[in-house]
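Below, each chain spelled out in residue letters.
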Amino acid sequence: WYLNPPVPDMFIDIISPLLTNEEVNGHIIEDIPLEMRNELVKQSKLLCELSVMDRNFVYVKPSSIAYAAVMVAMDIMRFPIAASKWFISLPIDHDPDESNQYI
């Protein structure tokens, strides 16, 4: 069988279950409804697909593309600020300089 390199879609599938009821600085982030989380995954994957068309993303780590796509999708969908801040605080393997460049 063939082993393929990791792609941004795989990272989004790994990241999406993390968007559940969590405590941030003593405040509970309201549980994000399943429909909203599914829409976030769809939007994020769409943004990742768009990155394939731009040659500037060829040398960017797939995890950085996925991280930036989730952050942009959260912004588009007007996710609560607390959820975005919590997501930023997660120890996700991405290059902050790369990710922030595309957010």
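You'll find the structure just up there.
A brief structural summary.

Definitions and limits used
Residues numbered from 1 in each chain as written. Predicted model: local features only at pLDDT ≥ 70, side-chain atom pairs only at ≥ 80, totals over all residues. Heavy atoms only, no water. Helix = DSSP H or I, 4+ residues; strand = E, 2+ residues; numbered from the N terminus. Areas by Shrake-Rupley, 256 points an atom, 1.4 Å probe, with all protein chains shown as cover. Expected span 1.5 Å × (residues − 1). Buried < 20%, exposed > 50% of the residue type's maximum accessible area, 1.4 Å probe, protein only. Salt bridge = Lys/Arg side-chain N within 4 Å of Asp/Glu carboxyl O.

## Things to note about the overall build of the protein
Now for step 1: Broken down by element type, the protein carries 5 helices and 2 strands.
Now for step 2: In sequence order, the protein lays out its α and β elements as α-β-β-α-α-α-α.
Now for step 3: With an accessible surface of roughly 7000 Å², the protein has 58% of that area assigned to carbon and sulfur atoms.

## Thoughts on helix α3 (residues 62-76)
Now for step 1: Compared with an ideal rise of 1.5 Å per residue, which puts 15 residues at 21 Å, α3 spans 21 Å between its outermost C-alpha atoms and is within 8% of the ideal.
Now for step 2: Of all 15 residues in α3, 11 are buried, a share of seventy percent or more.
Now for step 3: Those residues of α3 that sit buried are Ser63, Ser64, Ile65, Ala66, Tyr67, Ala68, Ala69, Val70, Met71, Ala73 and Met74.
Now for step 4: At the C-terminal side of α3, Arg78 shows a positive phi close to 55 degrees.

## What about the pattern of salt bridges?
Now for step 1: Taken as a whole, this structure holds 2 salt bridges when the rule is applied.
Now for step 2: Across the pair Asp13 and Lys45 runs a salt bridge, and its minimum N-O distance is 2.8 Å. Taken together, the positions of Asp13 in helix α1 (residues 8-15) and Lys45 in helix α2 (residues 34-51) put the pair 32 residues apart, joining distant regions of the chain.
Now for step 3: On the basis of relative accessibility, which here comes to 40%, the residue Asp13 falls in the partly exposed class.
Now for step 4: Given the relative accessible area of 22%, Lys45 is considered partly exposed.
Now for step 5: Ionic pairing is found between Lys42 and Glu39, a salt bridge with its closest N-O pair at 3.7 Å. Here Lys42 pairs with Glu39, and both are found in helix α2, just 3 residues apart, close to one helical turn.
Now for step 6: The class for Lys42 is exposed, based on a relative accessible area of 56%.

Don't take any of this as a statement about function, it's just geometry.
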